[in-house]
Amino acid sequence: MENGEPVVMQVYCRVEVVVDDPDAVAALAVRRLRDANIDWSSEPDTVDEAAAELHADLPQALASLVDADRLLDGVPGVQVRRGRWWAEQGEPSRRFQPGFED
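The shown structure was predicted, so the numbers you read here are calculated from the model rather than taken from an experiment.

Looking at the overall build of the protein chain
Per the secondary structure count, the protein chain includes 3 helices and 0 strands. Helices and strands in the protein chain line up, N terminus first, as α-α-α. Its C-alpha atoms give the protein chain a radius of gyration of 17 Å, more than 25% over the compact-globule value 13 Å for 102 residues. Expressed as lengths along the three principal axes of its C-alpha atoms, the size of the protein chain is roughly 50 × 35 × 25 Å. Across the 102 residues in the protein chain, those meeting the buried criterion constitute 14%. Of the roughly 9000 Å² of accessible surface on the protein chain, 48% is carried by carbon and sulfur atoms. For the protein chain, the centre of its 10 positive side-chain charges and the centre of its 21 negative side-chain charges are spaced 4 Å apart.

And the structure:
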């Protein structure tokens, strides 16, 4: 950091996850959804409809459990400002292969 200016960095990460109990993943995702401080009156879905979506879509349920804010929690002088994450079934996307250029 020259002259006290923060350095903005992009961190790319691919994690392979093996899910042995999809129902447990969905149940935890639904529990966190129901515990979240969401004003459902302003949402297009109800909490029950959103919970049903999580039960029906394992990648969405798994992705909803990722907490990017905790990725670097406790590292002095670092804050996670924004991020994008998702889950997909199958082989890794070629975007996450070494040497890939956009």
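Comments concerning the pattern of salt bridges
Scanning the model with the defined rule gives 1 salt bridge in all. Among the salt bridges present, the one from Asp-48 reaches Arg-34, with a minimum N-O distance of 3.0 Å. Of this pair, Asp-48 sits in helix H2 (residues 47-56) while Arg-34 sits in helix H1 (residues 22-35); the two residues are 14 residues apart in sequence, bridging distant segments of the chain. Residue Arg-34 is classed as partly exposed on the basis of its relative accessible area, which comes to 44%.

What to know about the layout of surface pockets
The computed volume of the largest pocket comes to approximately 2000 Å³. A class-by-class count of the residues in the lining of the largest pocket yields 27 nonpolar, 7 polar and 10 charged.

Scoring rules and cut-offs
For every chain, the first residue of its written sequence is number 1, and the numbers climb from 1 along that sequence. Restriction of local features to residues with pLDDT of at least 70 applies here, the model being predicted, together with a cutoff of 80 or more for giving and counting side-chain atom pairs; totals for whole chains, interfaces and linings are based on all residues. To obtain the side-chain values, all non-hydrogen atoms of the structure were used and water was disregarded. Each helix is a run of H or I in the DSSP string that is no shorter than four residues. Each strand is a run of E no shorter than two, and both are numbered from the N terminus. For a compact globule the rule gives 2.2 Å times the number of residues to the power 0.38, and the radius of gyration it is set against comes from C-alpha atoms. Exposure classes here rest on a 1.4 Å probe applied to the protein chains alone. A residue is buried below 20% of its type maximum, exposed above 50%, and partly exposed in between. Only the protein chains shown count as cover for residues, with accessible areas throughout obtained via the Shrake-Rupley method and a probe of 1.4 Å. When charges are tallied, Lys and Arg are placed among the positive residues and Asp and Glu among the negative ones, while His and the ends of the chain are skipped. Where a charge lies is defined by one atom per residue type, namely NZ (Lys), CZ (Arg), CG (Asp) and CD (Glu). Think of a salt bridge as a Lys or Arg side-chain nitrogen and an Asp or Glu carboxyl oxygen that are within 4 Å of each other. Within this scheme a cavity is a closed region of a 1 Å grid, computed over the protein atoms alone, that accommodates a 1.4 Å probe without allowing it to escape, whereas a pocket is open but has protein on both sides within 12 Å along at least five of seven lines; lining residues each have an atom within 4 Å of a point. Grid points are joined across faces, edges and corners, and a volume is the space filled by probe spheres set on the points. When residues are grouped by polarity, Ala, Val, Leu, Ile, Met, Phe, Trp, Tyr, Cys and Pro land in nonpolar, Asp, Glu, Lys and Arg in charged, and all others, Gly among them, in polar.

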